[in-house]
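# Understanding the architecture of this molecule
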Amino acid sequence: MKITFLGVWMASDVGETVSFVIDADDGDRILVDCGTNLVKGLLDAKIDPMSITHIIVTHSHGDHISGLPGYLFYRYFFAPGIYKKENKPFKIIASESCIDSLKAFIGVPYPMLVNAKGMEYEVAKVEETIMIGGINIKFFQSKHTPLTFGIVCRSKEVSFVYSADTAFDENIVSYAKNCDCLIHDVAATDDYAELAGGHTLCQQIAPFLNKYGIKKFIPVHRISVYKTNITPYLNALRADYSGEIIIPYDGMIVEI
Ligand SMILES: [Zn+2]
């Protein structure tokens, strides 16, 4: 399963906020969250914005939805081939309250795109599973306000967990116990706990990565301090974890 990170940062001025694309085997493309500069991020990553078939929105914070109205505008008015009949319909999947927020948010600049032709909304619920292109996706509730969904993704061959934005919660690490990879909010080391707000710290999560046998760990949602020097962050994780750590950057592709 191929994952393309469009952004990896906490809301900041150093790079794109956290969002990524999952390529399913049958050609479906799932975008998880809509970072600030979504269309540019997709084009930079050589992903045709029109090829996105599903968008999962984990929660309604600005750094996870801000790129959506501009993306829809591009998709419906600018994209080459937009008027061709073969354009696939696509779905936006989120909690009921998040969908209400998205409709209000899209409606401010582009009321005509709230219910654009071919676009559907699908309500996701905690503990429910959906199937997209051979990938089984189960939603769980993260420790973050407003209501935030993390996901467990399983194809025939591989599986991973994405925590979405969250304070540390051992349960989330445990969901990745038999998975190939855990992608998790890790904003900072405890030196910067204040800047990290209610997000996970390196020292909180590291001991539990070994405990649950996490094979591959991809921390995201870093604060901008680590743009210039990642060493203290890596050292704090390494102190208690011996598995593989991948530090992603904007545009990076990872094979799970
Ligand atoms: Zn958030």
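Before going into details, it helps to say that this report is about the structure given with it. (Residues numbered from 1 in each chain as written. Predicted model: local features only at pLDDT ≥ 70, side-chain atom pairs only at ≥ 80, totals over all residues.)

Here we come to unusual backbone geometry. With an omega dihedral of 0°, the bond running from Thr 145 to Pro 146 counts as a cis peptide bond. Within the secondary structure, Pro 146 is located in the loop between strand S8 (135-141) and strand S9 (149-154). The phi dihedral of Ala 164 falls on the positive side, at around 60°, and the residue is not glycine. (Helix = DSSP H or I, 4+ residues; strand = E, 2+ residues; numbered from the N terminus.)

A separate point is the packing of helix H7 (residues 202-211) against helix H8 (residues 231-238). Angle between the axes and distance between the axes: these two values describe a pair of packed helices. The contact between H7 and H8 brings their axes to 8 Å, and the two run at 40°. With respect to their mutual orientation, H7 and H8 come out oblique. Across from Cys 202, Gln 203 and Ala 206 in H7, the residues of H8 making contact are Tyr 233, Ala 236 and Leu 237. Taken together, the residues of the contact of H7 with H8 break down into 5 nonpolar, 1 polar and no charged. (Axes fitted to C-alpha atoms, helices over the stretch in contact; angles between N-to-C directions. Parallel < 35°, antiparallel > 145°, perpendicular 65-115°, else oblique. Contact = placed C-beta atoms within 7 Å. Nonpolar A, V, L, I, M, F, W, Y, C, P; charged D, E, K, R; others polar.)

The set of residues buried in H7 consists of Cys 202, Ile 205, Ala 206 and Leu 209. Down the axis, H7 shows its buried residues gathered within 115° of arc, on one side only. Gly 213 lies just past H7 and shows a positive phi near 60°. (Buried ≥ 20, exposed ≤ 12 C-beta atoms within 10 Å, placed from the backbone. Arc of directions from axis to C-beta.)

Before going further, it helps to spend a moment on the nonpolar core. Formed by 69 residues in total, the largest nonpolar core has its most connected members in Ile 22, Val 57 and Leu 182. The residues touching Val 57, leaving out its near neighbours within four places in the chain, are Asp 33, Cys 34, His 64, Ile 65, Ile 92, Ala 94, Cys 98 and Leu 102. (Core = buried A, V, L, I, M, F, W, Y, C linked by C-beta atoms within 7 Å.)

Our focus in this paragraph is the sheet that holds strand S1 (residues 2-7). Across the sheet, which stays open at both edges, the 7 strands sit in the order S6-S5-S4-S3-S2-S1-S14 with mixed pairing between neighbours. Of all the strands in the sheet, just strand S6 (119-123) and strand S14 (253-255) have a single pairing partner and so form its edges. Ignoring which end each strand starts from, the neighbouring axes of this sheet average 20° apart. Here 5 bridges tie S1 to strand S2 (residues 19-23), and the two strands are oriented antiparallel to one another. Bridged to Thr 4 within S2 is Val 21. This element, helix H4 (residues 96-107), spans strand S5 (90-94) and S6 of the sheet and lies at about 120° to S5. (Pairing = 2+ DSSP bridges.)

Look at H4: 17 Å from first C-alpha to last across 12 residues, which is about the 16 Å you get at 1.5 Å a residue. Taken together, the buried positions of H4 are occupied by Cys 98, Leu 102 and Ile 106. Along H4, the residues classed as buried sweep out an arc of 65° about the axis, all on the same side. The outward face of H4, more than 90 degrees from its buried face, is lined by the exposed residues Glu 96 and Ala 104. Contact partners of the buried residues in H4: helix H2 (62-65), helix H3 (68-78) and S5. (Expected span 1.5 Å × (residues − 1).)

This brings us to the environment of Asn 37. The topology assignment puts Asn 37 in the loop between strand S3 (29-32) and helix H1 (38-44). As for Asn 37 and Gly 7, which are separated by 30 residues in sequence, their C-alpha atoms are 9.2 Å apart. Once residues lying within four places of it in the same chain are set aside, the contact partners of Asn 37 are Glu 16 and Gly 67.

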